[in-house]
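Okay, here's what each chain looks like letter by letter:
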Amino acid sequence: MSFIVGTASGALVAGGVYYGLSSMISTRAHQHRVDLHRLSERMANASSDIPAPIPAAARIPQRPFMSMLQNSWNNQVEALFRRTGDLDQQVVDWARRTLYGGEGGGTKPK
């Protein structure tokens, strides 16, 4: 007899726990659905509710002196790289003339 009473009480407790969890999940899911609906309506009507910030391009301060320095620096670095490339080509030409002969004989790079 105690086996039947123990089994029945265990089933009753398990049923109560299942019902409690199921009810809690259902209530929370319903509340989430309501919250999401409210947020989606707020997002759809956001242009009238929330003022937009100024664009990012308008927030960047104009600095003519700084841009002049940056352009000057970039031009100097570009000229340095071009001169390095020209010197490299001159060295290759000089080495080719020195090793294989050709016009100019053994002249050094300019």
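Residues numbered from 1 in each chain as written. Predicted model: local features only at pLDDT ≥ 70, side-chain atom pairs only at ≥ 80, totals over all residues. Heavy atoms only, no water.

Caption draft 1: Examining the overall build of the chain more closely. Per the secondary structure count, the chain includes 4 helices and 0 strands. In the chain, the order of α-helices and β-strands from amino to carboxyl end is α-α-α-α. Burial statistics for the chain: of 110 residues in total, 0% are counted as buried. (Helix = DSSP H or I, 4+ residues; strand = E, 2+ residues; numbered from the N terminus. Buried < 20%, exposed > 50% of the residue type's maximum accessible area, 1.4 Å probe, protein only.)

Caption draft 2: How the structure looks around the pattern of salt bridges. In total, this model carries 2 salt bridges according to the counting rule given. Residues D35 and R38 are paired through a salt bridge, measuring 3.3 Å at the closest nitrogen-oxygen approach. One end of the pair is D35 and the other is R38, both in helix α1 (residues 2–44) and 3 residues apart, which spans about a single turn. Classification of D35 as partly exposed rests on a relative accessible area of 26%. (Salt bridge = Lys/Arg side-chain N within 4 Å of Asp/Glu carboxyl O.)

Caption draft 3: Here's a closer look at a nonpolar patch on the surface. A cluster of nonpolar side chains, contributed by V13, V17, L21, M24 and I25, occupies part of the molecular surface with about 460 Å² of accessible area. Here L21 is to be found in helix α1. (Patch = residues over 30% accessible without salt bridge, like charges linked within 9 Å, V, L, I, M, F, W, Y side chains within 5 Å. Areas by Shrake-Rupley, 256 points an atom, 1.4 Å probe, with all protein chains shown as cover.)

Purely spatial values, then, with no claim about function.
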